[in-house]
Amino acid sequence: MDEAQETPAFEESLLELEKIVSRMEQGEDTLEALLTSYELGAQHALNCQKRLDEAERRIEKVKKATMGILAEPFVPAED
């Protein structure tokens, strides 16, 4: 996952993470391959966490907006 490329969607990172874990659990890779897989898996896990944090912030913003607490008007994100 190169930083110059667009960050993958949550579902894409989660699927890749599941594939990596499955491959690592087979126990057939060399130590170097396991380390590389671990590094890639850590990147995907971090991306998943960032996406979840982002979603939580959006949900909180909507909740506050619907309760009249938000000082700024709610503007839905463009997808």
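Anything mentioned here points back to the structure above.
Nothing here was measured: the structure is a model prediction, and the numbers come from that model.

### Section: the pattern of salt bridges
Evaluated as defined, the whole model comprises 2 salt bridges. Residues Lys19 and Glu16 are paired through a salt bridge, measuring 3.5 Å at the closest nitrogen-oxygen approach. With Lys19 and Glu16 both in helix 1 (residues 10-25) and 3 residues apart, the pair spans about one turn of that helix. Note on Lys19: relative accessible area 43%, which makes it partly exposed. The residue Glu60 makes a salt bridge to Lys63 at a minimum N-O spacing of 3.3 Å. One end of the pair, Glu60, and the other, Lys63, are both in helix 2 (residues 31-66), 3 residues apart, so they sit about a helical turn from each other.

### What about the environment of His44?
Locating His44 in the fold gives a position in helix 2. The exposure class assigned to His44 is buried, which follows from its relative accessible area of 7%. Taking C-alpha positions, His44 is 8.8 Å from Glu12, a pair spaced 32 residues apart along the chain.

### Brief notes about the packing of helix 1 against helix 2
Running from N to C, helix 1 and helix 2 cross one another at 150°; their axes reach a closest spacing of 9 Å. Between helix 1 and helix 2, the angle falls in the class roughly antiparallel. With respect to the hand of their crossing, helix 1 and helix 2 are arranged in left-handed fashion. For the pair formed by helix 1 and helix 2, the contact residues are Phe10, Ser13, Leu14, Glu16, Leu17, Ile20, Arg23 and Met24 on the first element and Leu34, Ser37, Tyr38, Leu40, Gly41, His44, Ala45, Asn47, Cys48, Arg51 and Leu52 on the second. Broken down by class, the residue content of the contact of helix 1 with helix 2 amounts to 11 nonpolar, 5 polar and 3 charged.

Rules behind the numbers
- Residues numbered from 1 in each chain as written.
- Predicted model: local features only at pLDDT ≥ 70, side-chain atom pairs only at ≥ 80, totals over all residues.
- Heavy atoms only, no water.
- Salt bridge = Lys/Arg side-chain N within 4 Å of Asp/Glu carboxyl O.
- Helix = DSSP H or I, 4+ residues; strand = E, 2+ residues; numbered from the N terminus.
- Buried < 20%, exposed > 50% of the residue type's maximum accessible area, 1.4 Å probe, protein only.
- Axes fitted to C-alpha atoms, helices over the stretch in contact; angles between N-to-C directions.
- Parallel < 35°, antiparallel > 145°, perpendicular 65-115°, else oblique.
- Left-handed = near helix turned anticlockwise from the far one by under 90°.
- Contact = heavy atoms within 4.5 Å.
- Nonpolar A, V, L, I, M, F, W, Y, C, P; charged D, E, K, R; others polar.

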